[in-house]
Protein chains: 2
Amino acid sequence: MTEKLVVIGGDAAGMSAASQARRRRGPEELEIVAFERGNYTSYSACGIPYLLGGTVDDLADLVVRTPDEFRERQSIDVRIRHEVTEIDLDARKVVVRNLEDGSGSVEGFDILHIATGARPIRPPWPGIESEGVFGVQVLGDVEAIQEYMHRHQPRRAVIVGGGYIGLEMAEAMAARDLSVTLVENAPEPMRTVDPDMGAAIRQAMEEIGCEVRTGVTAQGFESTEGRVRAVATDHGDVEADIVVLGLGVEPNAQLAAAAGLEIGTSGAIAVDRRMLTSAEGVYSAGDCAEKFHRVSRRGVAIALGTHANKEGRVAGVNMGGGYETFPGVVGTAAVKVCDVEVARTGLNEAEAAAAGFEYFTTIAESTTRAGYLPGAKQVKIKLVVEVGTGRLLGAQIVGEENAAKRIDAFAAMLWHEMTVDDIMHVDLAYAPPLAPAWDPVLIVARKAWERLERSRGDA
Amino acid sequence: MTEKLVVIGGDAAGMSAASQARRRRGPEELEIVAFERGNYTSYSACGIPYLLGGTVDDLADLVVRTPDEFRERQSIDVRIRHEVTEIDLDARKVVVRNLEDGSGSVEGFDILHIATGARPIRPPWPGIESEGVFGVQVLGDVEAIQEYMHRHQPRRAVIVGGGYIGLEMAEAMAARDLSVTLVENAPEPMRTVDPDMGAAIRQAMEEIGCEVRTGVTAQGFESTEGRVRAVATDHGDVEADIVVLGLGVEPNAQLAAAAGLEIGTSGAIAVDRRMLTSAEGVYSAGDCAEKFHRVSRRGVAIALGTHANKEGRVAGVNMGGGYETFPGVVGTAAVKVCDVEVARTGLNEAEAAAAGFEYFTTIAESTTRAGYLPGAKQVKIKLVVEVGTGRLLGAQIVGEENAAKRIDAFAAMLWHEMTVDDIMHVDLAYAPPLAPAWDPVLIVARKAWERLERSRGDA
């Protein structure tokens, strides 16, 4: 008997799951229907700033696979511009609205996969609905922004919020020759790293001519004839012809919550190791699904394409009749703004404290190549280390020349709860153009170990 | 009572140990005398090719700390141009020759640290003593090569052996506008990676105008009036005005062996976890000391500055009265030739077979950035994976744009014997300018896992 899989959401988490399920079960065994609210499937949302900044020419470059390709190559019935408005778990069906003609329909399912993603946070500030205030999350946002820029030729862009997207969008707008102001209420941009590491990002932004106003809280938007003309803040108005919200995103979990599915403390849909929700045969993956953080041992909501791909694949294997588990995340993230790269993994100071760890921190500065080679760049690494045990809890890196990808070694080290005693001895690659004989990763671990040893000596 | 530490060898492994010991025990407690055969202490031997190629201007840039600095800042009595010719373990003394005046002396010790390093392999081929045939290992070799080049203005350089040093020296000679031929008897340069990965290095060498002759065995040297004029091979003579040997190095363990110290199967000095040799109070570290390979579980001889630094530090902590162990190596190494980077960790195919593993290999090609971004470079990764368990045994990477340092994540993964099932889920950093959403490291692990799963299905 043919079963039917309904997928809600046509991006990474949805379509990688659909593809995996199809690899394991052919069309005669499993019918697959995927509903996507927008116009595109399987695209790189993370590529949006590069498209807007002009680094990527064509929107189509960001699309990995089109609806037609899914239909023809994999017999997956993708319906774009179709929004699922309700899930009925008892009746095993979803209610669907065709956004083209407004018509409604009902689709039954045996297996359901919820991959509704995340949406940019839009606080209920006065004027937030003004024309010219954009969030950035789906490919449709690009078209809206491009159309607005073409029509109104804005000269002053204000980015509200200095997270990953905010920084990338600030760089993109500067690349389009707009005068850019970044408004952030924290002491430094990018709060996912500690303020002492965030200062380098401010500097990088300022070097490309971006004005960075930290400690400034946006409160609303002023508009003229419905079109934004300024961001209102606790330090006065900041004039703006276009505004991009970079306040982070939140999981799109309402549909699931309304259906009675369990929602985690993070606000994302609760799932088990196999990406199964609280209801039988109902899976979820990607930005809308909660992740287990291996260091804090808590459920977290993290919107990242790399997780969406991995989780989607795991869900797909299970929906296809296989067995596969997702082991969780360690909170790795990175961003590159001009030449400056920033990366983090594990817990930062605030997160370590919130998770109940007692910790100390160590910072070391070094270079990306042997110091005697021309072109060696600075790299600064901060570790958050558990008191007593020396266990690595988190790492943050700021620097140039692929400094950020050095975080991967720490991510692998966190996987097995390594201590700084071990880390400083790990056999990392050395060649003068690639690293100093003591790699920066080892230097900071050694420095943390020395501090640990002194504290042990004192005890 | 004051004890006396004698250090043989004034480079990384010797002087980092001396410095550590000094940090823990002041001059009133521990007298430290270090003998160095050459003119320099604590220098980067790995920087030699960059000095010869002109990337580094000044020999002094490679010297981290001079004998005077050791004497003044750390009360370490460094005697350069002094060679230790004999160790008498019973009498607890060493016999020393002053290379300046030929005079001899005897120095007693309570603690001895042997850091005699390695020497370039010089096979007993006819003509090897010809003028113009150089090995590259110590800073003195630079001066000899520079002096020879200045005097004879060679136009044709032949590099015999395509290992790390051979490749770096070939690039250096090409940078000096010499016509360069690399002669290697293996099928591809750099035998520490498998031939299917080494092909990319050949291509990189050829792109800088270097002639690469593989499958050609050097047999001797032709000379005129004592000066080299050709390398004799099984495929005829290769004309040469200067020859650099890149045949690898071997541990300088004769002095230790003559004193009756245990030598490991690798030919290097046997040491325990604390870098203690078979004799009480006698330590060894660096290129002359055997390393425990954590994957093969065998003793290996690997000459690398990064190990020398780490081991020297461990020996120094122990000689200074502390307790510290060195956990061994996983065989990580890297080289950059022009824009092409090569790295390896763990075991290659030949090494895995020799260690008795049953394995399969998986190769995947990907890009260093999101494929849609301009400037994304190719990266190729090969894994050696244990049959049945899926345990990672080794990884090799060839590519550009910091491809090589991606090996560090694998090195950390090898530390804890991770399987490809785990590796493909590790939370590595993602941002479009830094990596695709599926990092190349994860892609190759996933591909290996798929193969493993198929083989399990078949079983």
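Position labels on residues start from 1 in each chain and follow its written sequence. For this description, chains carry letters from A and ligands carry numbers from 1, given in the order in which they are written. Owing to the predicted nature of the model, reporting of local features is limited to residues with pLDDT of at least 70; listing and counting of side-chain atom pairs is limited to 80 or more, with chain, interface and lining totals taken over all residues. With hydrogens and water set aside, each side-chain value is computed from the structure's full complement of heavy atoms.

**Let's talk about the interface of chain B and chain A**
Next up, step 1: Contacts between chain B and chain A engage 69 residues on the former and 69 residues on the latter.
Next up, step 2: Put simply, buried area is the surface a 1.4 Å probe can reach on two separate parts but cannot reach once they are joined, added for both. Across the chain B/chain A interface, buried area totals approximately 5,800 Å², and carbon plus sulfur atoms make up 63% of it.
Next up, step 3: By the criterion of area lost to chain A, the three top residues of chain B are Tyr372, His425 and Asp427 of chain B, representing 14% of everything that side buries.
Next up, step 4: One side-chain nitrogen of Lys or Arg within 4 Å of one carboxyl oxygen of Asp or Glu is enough to make a salt bridge. Joining chain B to chain A, the criterion identifies 6 salt bridges.
Next up, step 5: Between Lys405 of chain A and Asp439 of chain B there is a salt bridge, with its nearest N and O atoms 2.5 Å apart.
Next up, step 6: Pairs of N or O atoms within 3.5 Å make up the polar contacts considered here, provided that, within protein, one atom can donate a hydrogen while the other can accept it, and that residues adjacent in sequence are counted only when both atoms are side-chain atoms. Applying the counting rule to chain B against chain A returns 22 residue pairs in polar contact (both at pLDDT 80 or more).
Next up, step 7: What counts as a helix is a DSSP run of H or I of at least four residues, what counts as a strand is a run of E of at least two, and both are numbered from the N terminus. The set of elements that each furnish at least two residues to the side of chain B that touches chain A consists of helix 1 (12–24), helix 8 (305–319), strand 21 (333–337), helix 10 (407–415) and helix 12 (440–458) of chain B.
Next up, step 8: Gly counts as polar in this scheme, as do all residues outside two lists: the nonpolar Ala, Val, Leu, Ile, Met, Phe, Trp, Tyr, Cys and Pro, and the charged Asp, Glu, Lys and Arg. Here the residues of the side of chain B that touches chain A are counted per class, giving 37 nonpolar, 14 polar and 18 charged. A contact between two residues is defined here by any heavy atoms of the two lying within 4.5 Å.

**Thoughts on helix 8 (residues 305–319) of chain A**
All names here are of chain A.
Next up, step 1: If you check helix 8, its first and last C-alpha atoms are 20 Å apart, about what 15 residues at 1.5 Å a residue would give, namely 21 Å.
Next up, step 2: Among the 15 residues that make up helix 8, 15 are buried, leaving the element largely enclosed by the rest of the structure.
Next up, step 3: Looking one or two places after helix 8, you find Gly321, whose phi comes out positive at around 100°. Helix span is expected to be 1.5 Å times the residue number reduced by one. Type-normalised accessible area, obtained with a 1.4 Å probe on protein chains alone, sets the label of each residue: buried when under 20%, exposed when over 50%, and partly exposed for intermediate values.

**Here's the deal with the packing of helix 10 (residues 407–415) of chain A against helix 10 of chain B**
If you want to describe how two helices pack, look at the angle between their axes and the distance between the axes.
Next up, step 1: Helix axes are fitted only over the stretch in contact, all axes being lines through C-alpha atoms; the angle between N-to-C directions runs from 0 to 180 degrees. With their axes 8 Å apart at the nearest point, helix 10 of chain A and helix 10 of chain B run at an angle of 15° to one another. Our classification of the angle between helix 10 of chain A and helix 10 of chain B gives roughly parallel. Judged by the sense of rotation from one axis to the other, the crossing of helix 10 of chain A with helix 10 of chain B is right-handed. Here Asp408, Ala409, Ala412 and Met413 of chain A of helix 10 of chain A lie close against helix 10 of chain B, whose contacting residues are Asp408, Ala409, Ala412 and Met413 of chain B.
Next up, step 2: Counted by class, the contact of helix 10 of chain A with helix 10 of chain B contains 6 nonpolar, no polar and 2 charged residues. The labels follow the angle: roughly parallel below 35 degrees, roughly antiparallel above 145, roughly perpendicular from 65 to 115, and oblique for the rest. Here a crossing is called left-handed whenever its near helix is offset anticlockwise from the far helix by less than a right angle, and right-handed whenever the offset is clockwise.

**Section: the packing of aromatic side chains**
The geometry of an aromatic ring pair is captured by two quantities: the separation of the ring centres and the angle between the planes.
Next up, step 1: Centre distance within 6.5 Å is the pairing criterion for rings of Phe, Tyr and Trp, where only the six-membered ring of Trp is used; planes under 30 degrees apart are then read as stacked, over 60 as edge-to-face, and the remainder as tilted. Inspection of the entire model under this criterion finds 4 aromatic pairs over all chains.
Next up, step 2: Aromatic pair Trp125 of chain B and Phe221 of chain B: ring centres 6.0 Å apart, planes at 40°, arrangement tilted. With a gap of 96 residues between them, Trp125 of chain B in the loop between strand 8 (118–120) and strand 9 (133–134) and Phe221 of chain B in strand 13 (residues 218–224) connect regions that are remote in the sequence.
Next up, step 3: Under the relative-accessibility criterion, Trp125 of chain B is labelled partly exposed at 23%.
Next up, step 4: We classify Phe221 of chain B as buried; its relative accessible area is 5%.
Next up, step 5: Here the basic side chain of Arg446 of chain A rests over the ring of Trp438 of chain A, its NZ or CZ set 4.4 Å away from the ring centre. Sitting over a ring, as applied to charges here, requires NZ of Lys or CZ of Arg to be within 6 Å of the ring centre and within 35 degrees of the ring normal.

**Digging into the environment of Val398 of chain B**
All names here are of chain B.
Next up, step 1: Tracing the backbone shows Val398 in strand 25 (residues 392–399).
Next up, step 2: For the pair Val398 and Ala448, spaced 50 residues apart in the sequence, the C-alpha separation amounts to 18 Å.
Next up, step 3: If sequence neighbours within four positions are ignored, Val398 has contacts with Met197, Ala200, Val340, Glu341, Val342, Gln378, Val379 and Lys380.

**Things to note about the packing of helix 1 (residues 12–24) of chain A against helix 8 of chain A**
Residues and elements named next belong to chain A.
Next up, step 1: As a packed pair, helix 1 and helix 8 sit with axes 7 Å apart at the nearest point and diverge in direction by 35°. At the point where helix 1 passes helix 8, the crossing takes the right-handed sense. Facing Ala12, Ala13, Ser16, Ala17, Gln20, Ala21 and Arg24 of helix 1, the residues of helix 8 in contact are Ala308, Asn309, Gly312, Arg313, Ala315, Gly316, Val317 and Met319.
Next up, step 2: The residue inventory of the contact of helix 1 with helix 8, partitioned by class, reads 8 nonpolar, 5 polar and 2 charged.

**Quick look at the relation of the copies chain B and chain A**
Next up, step 1: The copies were overlaid with a least-squares fit restricted to C-alpha atoms from residues scoring a pLDDT of at least 70 in each copy. Mapping chain B onto chain A is achieved by rotating through 180° and translating by 0.0 Å along the same axis, at an RMSD of 0.0 Å. Look at the turn and shift together and you get a two-fold axis relating the two. The position closest to the rotation axis in chain B is occupied by the C-alpha of Ala409 of chain B, lying 2.1 Å away.
Next up, step 2: Comparing contact sets, 100% of the residues at the interface of chain B also lie at the interface in chain A, consistent with an isologous, same-surface contact.

**Focus on the nonpolar core**
Next up, step 1: Grouped together as the largest cluster of nonpolar side chains are 92 residues, with contacts concentrated most on Leu383, Phe410 and Met413 of chain A together with Leu383, Phe410 and Met413 of chain B.
Next up, step 2: If we ignore the near neighbours within four places in the chain, the residues touching Phe410 of chain A are Thr345, Ile381, Leu383, Leu392, Ala395, Ile397, Val441 and Val444 of chain A. Residues enter a nonpolar core if they are buried and are Ala, Val, Leu, Ile, Met, Phe, Trp, Tyr or Cys, with the set joined through side-chain atoms within 4.5 Å.

**Some thoughts on the domain arrangement of chain A**
Residues and elements named next belong to chain A.
Next up, step 1: Here chain A is partitioned into domain 1 (3–45 + 59–118 + 250–319), domain 2 (122–247) and domain 3 (333–453).
Next up, step 2: All the domain ranges listed were derived from an automatic or database domain assignment. The centre of domain 1, based on its C-alpha atoms, is set 36 Å off from the matching centre of domain 3.
Next up, step 3: Facing 6 residues of domain 1, the contacting portion of domain 3 comprises 10 residues.
Next up, step 4: Carbon and sulfur atoms supply 55% of the area that domain 1 and domain 3 bury against each other, a total of about 680 Å² over both sides.
Next up, step 5: Three residues stand out in domain 1 for area buried against domain 3, namely Arg294, Val295 and Arg298, and they jointly supply 70% of the buried area on that side.
Next up, step 6: One can count 1 salt bridge joining domain 1 with domain 3.
Next up, step 7: The residue Glu417 makes a salt bridge to Arg297 at a minimum N-O spacing of 3.9 Å.
Next up, step 8: Put simply, domain 1 and domain 3 have 2 residue pairs in polar contact (both at pLDDT 80 or more) between them.
Next up, step 9: Here the side of domain 1 that touches domain 3 is built from residues that sort into 1 nonpolar, 2 polar and 3 charged.

**What about helix 1 of chain B?**
Residues and elements named next belong to chain B.
Next up, step 1: Relative to the 18 Å expected for 13 residues at 1.5 Å per residue, helix 1 spans 18 Å between its end C-alpha atoms, a close match to the ideal helical length.
Next up, step 2: Burial within helix 1 is extensive, with 11 of its 13 residues counted as buried.
Next up, step 3: Along helix 1, the positions that sit buried rather than exposed are Ala12, Ala13, Gly14, Met15, Ser16, Ala17, Ala18, Ser19, Gln20, Ala21 and Arg22.
Next up, step 4: Of the surrounding secondary structure, the elements contacted by the buried residues of helix 1 are strand 1 (3–8), strand 2 (30–36), helix 3 (67–74), strand 3 (76–80), strand 7 (111–114) and helix 8.

**Thoughts on the pattern of salt bridges**
Next up, step 1: Overall, the coordinates contain 69 salt bridges over all chains when judged by the stated rule.
Next up, step 2: One salt bridge in this structure joins Arg25 of chain A and Glu29 of chain A, with 3.5 Å as the shortest N-O distance.
Next up, step 3: For Arg25 of chain A, a relative accessible area of 13% puts it in the buried group.
Next up, step 4: With a shortest N-O distance of 3.1 Å, Arg24 of chain B and Glu453 of chain A are connected by a salt bridge. Placement of the pair is Arg24 of chain B in helix 1 and Glu453 of chain A in helix 12 (residues 440–458), with the two residues belonging to separate chains.
Next up, step 5: A residue is classified by how much of its surface remains accessible, and Arg24 of chain B, at 30% relative accessible area, is partly exposed.

**Brief notes about the side chain of Arg313 of chain B**
Next up, step 1: Summarising the element assignment, Arg313 of chain B is placed in helix 8.
Next up, step 2: Overall, the relative accessible area of 3% leaves Arg313 of chain B in the buried class.
Next up, step 3: Arg313 of chain B has contacts with Met424, His425, Trp438, Arg446 and Trp449 of chain A together with Ser16, Ala17, Gln20 and Glu324 of chain B, leaving out every residue within four places of it along the chain.

**Brief notes about the sheet that holds strand 13 of chain B**
Residues and elements named next belong to chain B.
Next up, step 1: Strand pairing is assigned whenever DSSP detects at least two bridges linking the two strands. With antiparallel pairing, the 3 strands of this open sheet are ordered in space as 13-14-15. The open sheet terminates on both sides in strands that have one partner only, identified here as strand 13 and strand 15 (236–239). Ignoring which end each strand starts from, the neighbouring axes of this sheet average 35° apart.
Next up, step 2: Sheet topology note: the strand 14 (residues 227–233)/strand 15 ladder contains 4 bridges and is antiparallel. Bridging from a neighbouring strand, Val231 pairs with Val238 of strand 15.

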